[in-house]
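# Summary of structural features
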Amino acid sequence: MNLRLLVQAIATFLTNAHLKGFITGKIYDGSLKRACVPTLNCYSCPGALFSCPVGAAQVILSSGGTGENAGATGEAAAAVPLREKVWNVLTGTPLFVIGLMTAVGALFGRATCGWLCPFGLLQDLLHRLPFPKFRAPRALRLGKYLFLVVLVVLMPLFWVDSSGFSEPAYCKYVCPAGTLQGGLLLPALNPDLRRLLGHLFAWKLALLALFLLAMPFIARPFCSWACPIGAFLAPFNRISLLRLTLDADRCVRCGACRQVCVAGLDPVDGLDAPDCVRCLACAQACPLHLIKVEAPFLPAPTSAPAPTESAGAGAPPSR
Amino acid sequence: MEPTPLPVVIRPTAGSRLAWGLFVLGLALMGLGIWFGETARILDKATQVCLQCIGIG
């Protein structure tokens with residue numbers, strides 16, 4: 001069995017190991033939910049043991065802080081003492097979530113997307129189905145940054161209703177992981193919730209269906225276009241401790257790495273690409289072993305496996 | 001006996017100072033978040049059914 005697939009399956013199980021929830025329809029309410037996983041995993045999944053960083057960040061941002069006058073606007077906000085304003089800014093910023101994702105990104109870049117994310121596993125599995133494969137326009141990849149800035153940060157901060165409350169806009173209007181893990185499972189197990197489903201649910205279901213339909217044809221469409229975690233971690237690929245390097249001088253551009261890339265990239269164009277999920281398939285596929293994995297926390301140097309004879313320096317480029 | 005070659009070539013490095021700095025900064029921010037009670041507020045939200053996540057509103 002593919003090692004990465006095994007790790008993904010174990011991670012998916014461990015983050016959703018509250019098995020009782022899948023029978024009773026009740027979510028886990030223990031203290032493990034203080035912590036977030038560095039992947040997209042809805043905390044309203046009946047099995048979820050930990051919190052989702054995207055949901056958690058929106059909750060903190062929409063709170064406006066924990067001071068007495070948090071969320072005050074207009075003249076009331078002007079009258080708030082400076083000390084309380086500073087406190088509200090500090091407690092209204094998701095420091096724990098930002099810190100967690102920064103630490104994870106600095107260590108691994110987007111490797112958690114490739115090795116631990118349950119929604120990534122779903123995308124990888126569906127992409128293995130024998131359908132024709134396509135590459136989507138590169139511009140769509142910018143979508144995830146828009147979702148991060150507008151729906152995860154700006155809307156919970158500024159889109160406040162008349163009673164002074166704002167909502168986790170990304171969870172409410174977009175998140176297909178939430179629809180899949182919470183939206184389908186919880187109402188299926190709870191008739192009371194089922195009666196409340198309406199237009200918003202229909203919209204989210206349609207969005208989920210769109211992504212599911214795209215997955216067999218396009219590599220990781222959700223990660224590339226709409227995942228805020230992917231958007232946050234993407235810049236870390238350039239500086240993370242876990243790195244991939246390519247001996248470009250010896251590369252014969254055979255295209256083997258491009259064929260296996262789960263993110264639909266061409267690794268020869270740059271191994272630090274923001275959408276690389278560090279699955280290492282390119283390093284395994286390179287017949288000359290020119291793609292190397294580097295990190296301070298890896299074991300002692302190993303000798304490179306002998307290059308495959310059939311793919312020597314004289315092999316013609318495929319493109 | 002011939003050792004089984006690893007599937008990929010790995011190479012330990014020192015890592016960049018920037019990455020180490022960001023890692024430490026991340027840990028510090030996590031500590032601050034815990035100190036300010038953020039994880040308790042996350043727990044409050046995450047232990048209730050999230051109607052927005054489901055698509056109820």
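Reference entry: report on the structure contained in this document. Just so you know, these numbers come straight off a predicted model, no measurement behind them.

Reading guide: rules and limits
- Residues numbered from 1 in each chain as written.
- Chains lettered and ligands numbered in written order.
- Predicted model: local features only at pLDDT ≥ 70, side-chain atom pairs only at ≥ 80, totals over all residues.
- Heavy atoms only, no water.
- Helix = DSSP H or I, 4+ residues; strand = E, 2+ residues; numbered from the N terminus.
- Buried < 20%, exposed > 50% of the residue type's maximum accessible area, 1.4 Å probe, protein only.
- Areas by Shrake-Rupley, 256 points an atom, 1.4 Å probe, with all protein chains shown as cover.
- Salt bridge = Lys/Arg side-chain N within 4 Å of Asp/Glu carboxyl O.
- Axes fitted to C-alpha atoms, helices over the stretch in contact; angles between N-to-C directions.
- Parallel < 35°, antiparallel > 145°, perpendicular 65-115°, else oblique.
- Left-handed = near helix turned anticlockwise from the far one by under 90°.
- Contact = heavy atoms within 4.5 Å.
- Nonpolar A, V, L, I, M, F, W, Y, C, P; charged D, E, K, R; others polar.
- Buried area = accessible area lost by both parts, 1.4 Å probe.
- Polar contact = N/O pair within 3.5 Å; in protein donor to acceptor, adjacent residues only side chain to side chain.
- 1 Å grid on protein atoms, 1.4 Å probe; cavity = no way out; pocket = protein on both sides within 12 Å on 5 of 7 lines; lining within 4 Å.
- Points joined across faces, edges and corners; volume = space filled by probe spheres on them.
- Disulfide = S-S within 2.5 Å.

This part takes up the overall build of chain B. If you tally the helices and strands in chain B, you get 3 helices and 1 strand. Secondary structure elements of chain B occur, N-terminal to C-terminal, as β-α-α-α. Counting across all 57 residues of chain B, residues that qualify as buried make up 37%. Accessible surface for chain B amounts to roughly 3,300 Å². Of this, 69% is attributable to carbon and sulfur atoms.

What follows is about the pattern of salt bridges. Working definition: two side chains of opposite charge can pair if their charged atoms are close together. All names here are of chain A. For the coordinates displayed, the defined rule picks out 11 salt bridges over all chains. As a salt-bridge pair, arginine 141 and aspartate 275 come within 3.2 Å of each other at their nearest N and O atoms. Of the two residues, arginine 141 sits in the loop between helix H8 (118-127) and helix H9 (143-158) while aspartate 275 sits in the loop between helix H16 (256-260) and helix H17 (281-285), which places them 134 residues apart along the sequence. Each member of the pair, arginine 141 as well as aspartate 275, is classed as buried. Taken together, the shared-partner salt bridges connect Arg110, Arg141, Lys144 and Asp275 into one network.

This brings us to the packing of helix H11 (residues 176-189) of chain A against helix H13 (residues 199-214) of chain A. Residues and elements named next belong to chain A. Between H11 and H13, the least distance of the axes is 9 Å, while the angle of their chain directions is 120°. Viewed along their axes, H11 and H13 adopt a mutual orientation that is oblique. With respect to the hand of their crossing, H11 and H13 are arranged in left-handed fashion. Along the contact surface, H11 presents Pro176, Gly178, Thr179, Leu180, Gly183 and Leu184, while H13 presents Phe201, Lys204, Leu205, Leu208 and Phe211. Partitioned by chemical class, the residues of the contact of H11 with H13 number 7 nonpolar, 3 polar and 1 charged.

Counting from both sides, the interface comprises 44 residues of chain B and, opposite them, 70 residues of chain A. In total, about 4,800 Å² of surface goes out of reach between chain B and chain A, with carbon and sulfur atoms giving 74% of it. Counting across the chain B and chain A interface gives 0 salt bridges. Counting across the chain B and chain A interface gives 9 residue pairs in polar contact (both at pLDDT 80 or more). Counting residues per element, the ones that place at least two in the side of chain B that touches chain A are strand S1 (9-11), helix H1 (17-35), helix H2 (38-46) and helix H3 (51-54) of chain B. Counted by class, the side of chain B that touches chain A contains 29 nonpolar, 11 polar and 4 charged residues.

Turning our eyes to something else, we now look at unusual backbone geometry. Residue and element names in this part refer to chain A. Phi is positive for arginine 253, which is not a glycine, with a value near 55°. By secondary structure assignment, the location of arginine 253 is in the loop between strand S1 (243-246) and H16. Note on arginine 253: relative accessible area 37%, which makes it partly exposed. In the Ramachandran plot, arginine 278 falls in the positive-phi region, its phi being about 55° despite a non-glycine side chain. What makes arginine 278 buried here is its relative accessible area of 1%.

Residues and elements named next belong to chain A. This model, assessed by the stated rule, comprises 4 cavities of 30 Å³ or more. Reported here for the largest cavity is a volume of approximately 120 Å³. Taken together, 16 residues make up the lining of the largest cavity; nearest its centre are Cys261, Leu265, Pro267, Cys276 and Cys282. Cys251, Cys254, Cys257, Cys286 and Pro287 are, among the 15 residues lining the second largest cavity, the residues nearest its centre.

This part is about the state of the cysteines. Throughout the structure, instances matching the rule amount to 1 disulfide over all chains. Between the sulfur atoms of B:Cys50 and its disulfide mate B:Cys53 the distance is 2.4 Å. Its torsion about the S-S bond being 80°, the disulfide of B:Cys50 and B:Cys53 is classed as right-handed. As far as burial versus exposure is concerned, B:Cys50 and B:Cys53 are alike and both buried. The structure places no disulfide on A:Cys42, whose sulfur is separated from the nearest cysteine sulfur, that of B:Cys53, by 4.0 Å.

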